[in-house]
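Here are the chains, one letter per residue:
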Amino acid sequence: MVQRLAVTEKAMEVVRQLEQQYGELMFYQAGGCCEGTQPQCFEKGGFYPRMNDVLIGHVDGAEFWVDRDLFEYWQYSHFTLDILEGFGPGGFSLETPLGKTFKVHYRLFTDDELEQLEPVTRML
């Protein structure tokens, strides 16, 4: 099966740092509002996905949820979680006090990958 989500080594270093500080984590990528489409990192249970939001994968065991409407637009794309120096717009995410911000890079799946995509889970 082809996974929908990957994580860079730099992002993984920050995730592990946040896990040590906060415990279990979760990610949510909204489709707009004050944070734009930046992925947000929360303590597990610190954000509640809405009905039909989509779980596309895990980051070191932490669920990575995507807004239902955003997923409809990006469902044919692979997500790679990365980290950048500097502050994103807003600052609700746990990495903000570190002077960093999570970012997702997208690429379209190939036809072969689309045939082998792992299934997603939708919030009920």
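A quick note: this is a predicted structure, and the numbers were derived from the prediction, not measured.

Peer 1: What exactly am I supposed to notice about a nonpolar patch on the surface here?
Peer 2: Nonpolar side chains collect at one region of the surface, where Tyr76, Leu108 and Leu114 lie side by side and expose about 310 Å² of accessible area between them. Its place among the elements puts Tyr76 in the loop between helix H2 (68-74) and strand S6 (77-85).

Peer 1: Just checking my understanding: could you explain the side chain of Gln29 for this structure?
Peer 2: If you trace the backbone, Gln29 turns up in strand S2 (residues 25-29). A distance of 2.6 Å separates the side chain of Gln29 from the side chain of Tyr106, its partner in a polar contact. Non-local contacts of Gln29, meaning those with residues more than four positions away in its chain, are made with Thr37, Gln38, Pro39, Phe64, Trp65, Val66, Asp67, Leu70, Phe79, Val104 and Tyr106.

Peer 1: Please clarify how the environment of Tyr73 should be interpreted in this entry.
Peer 2: Take Tyr73: it is sitting in helix H2. We classify Tyr73 as exposed; its relative accessible area is 63%. Separated by 42 residues in sequence, Tyr73 and Gly31 have C-alpha atoms that sit 9.6 Å apart.

Peer 1: Explain the pairing of strand S5 (residues 62-66) here, please?
Peer 2: Among the five residues that make up S5, four are buried, leaving the element largely enclosed by the rest of the structure. Pairing between strand S4 (residues 54-59) and S5: five bridges, direction antiparallel. Opposite Val59, over in S5, you have Ala62 as the bridge partner. Hairpin remark: S4 followed by S5, antiparallel, with two residues in the connecting loop; positive phi at Asp60, about 50°.

Peer 1: I keep staring at the sheet that holds strand S3 (residues 39-43) and nothing clicks. Help me out?
Peer 2: Across a sheet, strands are paired by hydrogen bonds formed along the backbone, either parallel or antiparallel in direction. Spatial ordering of the open sheet is given by S3-S2-S5-S4-S8, a layout of five strands whose pairing is mixed. Since the sheet does not close on itself, it has two edges, and those belong to S3 and strand S8 (121-122), each with one partner. Sheet topology places S2 next to S3; five bridges connect them, and they run antiparallel. Along S3, the bridge assignment pairs Phe27 with Cys41. In the packing of helix H1 (residues 9-22) onto the sheet, the strands contacted are S2, S3 and S4, and the crossing angle to S2 comes to about 125°.

Peer 1: I tried to follow unusual backbone geometry on my own but got confused; where do I start?
Peer 2: What is expected of a backbone is that most residues other than glycine have negative phi and most peptide bonds are trans. We note that Asn52 has phi near 75°; this positive angle belongs to a residue other than glycine. Looking at where Asn52 falls in the secondary structure, it is placed in the loop between S3 and S4. On the basis of relative accessible area, Asn52 is assigned to the partly exposed category, the value being 35%. Of note in this structure, Asp60 is not a glycine but carries a positive phi near 50°. Note on placement: Asp60 falls in the loop between S4 and S5. Given a relative accessible area of 41%, Asp60 falls into the partly exposed group.

Definitions and limits used
- Residues numbered from 1 in each chain as written.
- Predicted model: local features only at pLDDT ≥ 70, side-chain atom pairs only at ≥ 80, totals over all residues.
- Heavy atoms only, no water.
- Patch = residues over 30% accessible without salt bridge, like charges linked within 9 Å, V, L, I, M, F, W, Y side chains within 5 Å.
- Areas by Shrake-Rupley, 256 points an atom, 1.4 Å probe, with all protein chains shown as cover.
- Salt bridge = Lys/Arg side-chain N within 4 Å of Asp/Glu carboxyl O.
- Helix = DSSP H or I, 4+ residues; strand = E, 2+ residues; numbered from the N terminus.
- Polar contact = N/O pair within 3.5 Å; in protein donor to acceptor, adjacent residues only side chain to side chain.
- Contact = heavy atoms within 4.5 Å.
- Buried < 20%, exposed > 50% of the residue type's maximum accessible area, 1.4 Å probe, protein only.
- Pairing = 2+ DSSP bridges.
- Axes fitted to C-alpha atoms, helices over the stretch in contact; angles between N-to-C directions.

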